[in-house]
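What follows is the residue order along each chain.
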Amino acid sequence: MPGSIRIARIFGIDINIHFSWIVIFFFLVTNLSDSFYPDQFPKWSREKTFVVSAVSALLFFASVVAHELAHSLVARRFQMSVSSITLFMLGGVASLKSEPPSAKAELFMAAAGPLTSIVIGVAGLAIAFAADANQTSASWRQVVGGVAGYLGPINLIVAVFNLVPGFPLDGGRVLRAAIWGITKDRSRATGIAARGGQLFAGLLFAAGVAFLFGIGVPQNNVQGLLYGFIAYFLWNAAASSLQQERLASVVGGTTVGSLMTTDFRSTPPAVMVGQLIRDLVLPMNLRAIPVVSGDRLVGLVTIGDLRKVEQDRWPATPVEEVMTPASELATVSPDDPLGAALERFGADDLPLLPVIKDSRLVGLLYREAVVGYVRMREMVGLQGRR
Ligand SMILES: [Zn+2]
């Protein structure tokens, strides 16, 4: 996602932070140190209040990561690969390289996150209850009770917010999985669940306006803007899911095989970067070249990979050193529906997908070819065979 930076790597999954999360983080720390903690423990020094607030916000951050990791680990269990987790706004997004293969996979994957938040939330409440902190308790009791008394409820709020039945929120995914499981029609299920997401975004937007102008609620600009911001993100996410599903239905019964190119250039893994650039990249203006050993795909090398090699190292660096190995590549088979290929393009922003049959490289599917085909179908108003 643009506008985000990587901060950690857990179980081989990149954890990224979007700039909007940094805004929320400061908002949280300010809110906690200005009112939440001073209201309960007015005798705390300003420094102590600030440090406890910052630690609370960090622990909240860790619980959101736990929520997303739960989604990701269940996704892996169902053979979906997760490349990264990005934290933004009130939650996170786990980037899947493909859509869930079945309604059951989607159901378990979607439910894992909110369940984790509920577990953390209940644990927080239990600790807060056990600590039973008040102004006369021991200092450590006040801190433990105070922090747990914050983390408990906020994790439950995260769970409830995510369980709203609007796609792409977790609750919307659960809803989609349920409709998909019953009707066996994923496209229709996505449509209904995404409309739920847009409806919820509309309600949040209305709530934001109510807070901004103090209609029926005490006026609160910060709250109003926050609601508006979340509504905007949610609306866009639901709209893009609808768009993707619509594309998949436009390309309907078309398969990868009918659009792939079988006349393509490739390179063996031992060729030096300099030779590849001189012989193939420059004269043929290729942006990505499959690396093959015999007719087996071993990797893909892109202009971006080649650019990472300093020019004086060109003659001594073999292609296999800079390529993306086949095991990390999204591939398609000639019999795959074009919709599946579109999803794979979307996840990685690749210029092409290698087409594999019986573990042999049989062709390349270029992004432009697919985009051009979709435009053409839309122009002549053809609906795909379903
Ligand atoms: Zn979630």
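The structure displayed is predicted, hence computed values, not measured ones.

What counts, and at which threshold
All residue numbers here refer to positions counted from 1 along the written sequence of the relevant chain. Only residues with pLDDT of at least 70 are given local features in this predicted model, and only at 80 or more are side-chain atom pairs given and counted; all residues enter the totals for whole chains, interfaces and linings. Fitted lines through C-alpha atoms give the axes, limited to the stretch in contact for helices. The angle between two N-to-C directions lies from 0 to 180 degrees. Put simply, DSSP H or I for four residues or longer makes a helix, DSSP E for two residues or longer makes a strand, and each gets a number counted from the N terminus. Geometric relationships in this document are graded by angle, where less than 35 degrees denotes roughly parallel, more than 145 denotes roughly antiparallel, 65 to 115 denotes roughly perpendicular, and other angles denote oblique. When the near helix sits turned anticlockwise from the far one by under a right angle, the crossing is termed left-handed; a clockwise turn instead gives a right-handed crossing. With C-beta atoms placed from the backbone, a contact is any residue pair whose C-beta atoms sit within 7 Å. Strand pairing is defined by DSSP finding a minimum of two bridges between the two strands. Field definition: a residue is buried when 20 or more other C-beta atoms are found within 10 Å of its C-beta, exposed when 12 or fewer are, and partly exposed for counts in between, with C-beta atoms placed from the backbone. For every residue, the predictor states its confidence as a pLDDT score lying anywhere from 0 to 100. In these notes, a nonpolar core means any group of buried Ala, Val, Leu, Ile, Met, Phe, Trp, Tyr and Cys residues linked to one another through C-beta atoms within 7 Å. Domain limits in this description derive from either an automatic procedure or a database domain assignment.

**Section: the packing of helix 5 (residues 170-183) against helix 6 (residues 186-213)**
Contact geometry of helix 5 with helix 6 gives a least axis separation of 8 Å together with a crossing angle of 150°. One finds that helix 5 runs roughly antiparallel with respect to helix 6. In terms of crossing hand, the pair formed by helix 5 and helix 6 is right-handed. Touching Gly172, Leu175, Arg176, Ile179, Trp180 and Thr183 of helix 5 are Arg186, Arg188, Ala189, Thr190, Ile192, Ala193, Gly196 and Gly197, all from helix 6.

**Comments concerning the environment of Phe129**
Locating Phe129 in the fold gives a position in helix 3 (residues 103-131). For the pair Phe129 and Leu32, spaced 97 residues apart in sequence, the C-alpha to C-alpha distance is 20 Å.

**Some points on the environment of Pro269**
Locating Pro269 in the fold gives a position in the loop between helix 7 (221-251) and helix 8 (273-284). Along the sequence, Pro269 and Leu297 sit 28 residues apart, while their C-alpha atoms lie 9.9 Å from each other. Contact partners of Pro269, with chain neighbours within four places excluded, come to Val291, Ser293, Val298, Gly299, Pro318, Val319 and Glu320.

**Comments concerning unusual backbone geometry**
Within the chain, Lys184 stands out as a residue other than glycine whose phi angle is a positive 60°. In this fold, Lys184 is placed in the loop between helix 5 and helix 6.

**Section: the sheet that holds strand 7 (residues 324-325)**
Taken in spatial order, the three strands of this open sheet run 5-6-7, and their pairing is antiparallel. Every other strand in the sheet has two partners, leaving strand 5 (288-293) and strand 7 as the edge strands with one partner each.

**Overview of the pairing of strand 1 (residues 4-10)**
Within strand 1, only zero of the seven residues are buried, which leaves it mostly out in the open. Here strand 1 pairs with strand 2 (residues 13-18) via six bridges, running antiparallel. Looking at the pairing, Arg6 lines up with Asn16 of strand 2. The loop that links strand 1 with its antiparallel partner strand 2 comprises two residues; one of these, Phe11, has a positive phi angle of about 50°.

**Focus: the environment of Phe26**
With respect to the helices and strands, the residue Phe26 is situated in helix 1 (residues 19-40). For the pair Phe26 and Ala57, spaced 31 residues apart in sequence, the C-alpha separation works out to 8.7 Å.

**So, the confidence of the model for the protein chain**
Averaged over every residue, the pLDDT of the protein chain is 86; the share at 70 or more is 94%. Model confidence for the protein chain, summarised as mean pLDDT per element, is weakest for strand 4 (residues 91-96) at 64 and strongest for helix 3 at 94.

**Section: the nonpolar core**
Counting residues in hydrophobic clusters, the biggest one holds 31 residues, and the most contacted among them are Val256, Val291, Ala341, Leu352, Leu353, Val355 and Leu365. The set of elements that each furnish at least two residues to this core consists of helix 7, helix 8, strand 5, strand 6 (296-302), helix 11 (338-348), strand 8 (352-357) and strand 9 (360-366). Viewed by domain, this core spans two of them, domain 1 (4-251) and domain 2 (256-379), each represented by three or more residues. Sequence-distant contacts of Ala341, that is, excluding residues within four places in its chain, are made with Val256, Val332, Asp336, Leu353, Leu365 and Val370. Among the nonpolar cores identified, the runner-up in size contains 30 residues, and Ile85, Ala189, Phe211 and Ala237 belong to it.

**A few points about the pairing of strand 6**
In terms of burial, strand 6 is a largely internal element, five of the seven residues being buried. As consecutive antiparallel partners, strand 5 and strand 6 are separated by two residues, and within that stretch Gly294 has a phi angle of approximately 70°, a positive value. In this sheet, strand 7 lies alongside strand 6 in antiparallel orientation, the contact comprising two bridges. By the bridge assignment for strand 7, Gly299 is matched with Pro325.

**Topic: the packing of helix 1 against helix 2 (residues 46-77)**
The relative placement of two packed helices is expressed as an angle between their axes plus a distance between the axes. Where helix 1 meets helix 2, the closest approach of the two axes is 9 Å, and the angle between their N-to-C directions is 130°. Regarding the angle of helix 1 to helix 2, the classification is oblique. Relative to helix 2, the crossing made by helix 1 is right-handed. Residue-level inspection shows Phe25, Leu28, Val29, Leu32, Ser33, Tyr37 and Pro38 of helix 1 in contact with helix 2, the latter providing Thr49, Phe50, Val52, Ser53, Ala54, Ser56, Ala57 and Phe60.

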